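Next come the chains, spelled out residue by residue.
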Amino acid sequence: MNIKELLDKLRPLEAAHETAHGPRTGFLMADVTRALGSLSNASNALTLLLAEGLVEGEPVILKGDVHTLFRLSGAVPPTVH
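One structure accompanies this document, and this report is about it.

Calculation notes
Residues numbered from 1 in each chain as written. Predicted model: local features only at pLDDT ≥ 70, side-chain atom pairs only at ≥ 80, totals over all residues. Heavy atoms only, no water. Pairing = 2+ DSSP bridges. Helix = DSSP H or I, 4+ residues; strand = E, 2+ residues; numbered from the N terminus. Salt bridge = Lys/Arg side-chain N within 4 Å of Asp/Glu carboxyl O. Buried < 20%, exposed > 50% of the residue type's maximum accessible area, 1.4 Å probe, protein only. Phe/Tyr/Trp six-rings, centres within 6.5 Å; stacked < 30°, edge-to-face > 60°.

1. Remarks on the pairing of strand β2 (residues 22-26)
As judged from the five bridges shared by strand β1 (residues 15-19) and β2, these two strands associate in the antiparallel manner. Bridge pairing in β2 places E18 opposite P23. Two successive antiparallel strands, β1 and β2, enclose a turn made up of two residues.

This is the structure:
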């Protein structure tokens, strides 16, 4: 799966989450795991997208537990000419 396909799969996962510090929009690792079929695929995809600056993550408290909330950064994916 290429970067554009990954971003297309992740975009609809962004949703509002009520955190201890107010509402935040993004997606959780569990969401990515379901969308990509395995924890390994999700981890590899997020690692690539984080390294490319296409996804950002922040720690948040959801229902008393700490999670990383990811969101698309708005950066433009690299293109090959």
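2. Let's talk about the pattern of salt bridges
Opposite charge on two side chains lets them pair, provided their charged atoms get close. A complete count under the given rule lists five salt bridges for this structure. The partner of E58 in a salt bridge is R24, with the nearest N and O atoms 3.6 Å apart. With E58 in strand β3 (residues 55-62) and R24 in strand β2, this residue pair connects regions lying 34 residues apart in the sequence. Take E58: its relative accessible area is 18%, and that puts it in the buried class. With a closest N to O distance of 2.6 Å, R71 and E58 form a salt bridge.

3. Remarks on unusual backbone geometry
A positive phi is found at K63, a non-glycine position, where the angle reads about 50 degrees. By the element assignment, K63 lies in the loop between β3 and β4 (65-72).

4. So, the packing of aromatic side chains
According to the stated counting rule, one finds one aromatic pair in the structure shown. On the basis of an interplanar angle of 25 degrees and a centroid distance of 6.3 Å, the ring pair of F27 and F70 is categorised as stacked. Of this pair, F27 sits in the loop between β2 and α2 (29-36) while F70 sits in strand β4, and the two are 43 residues apart along the sequence. Judged by relative accessible area, which is 0%, F27 ranks as buried.

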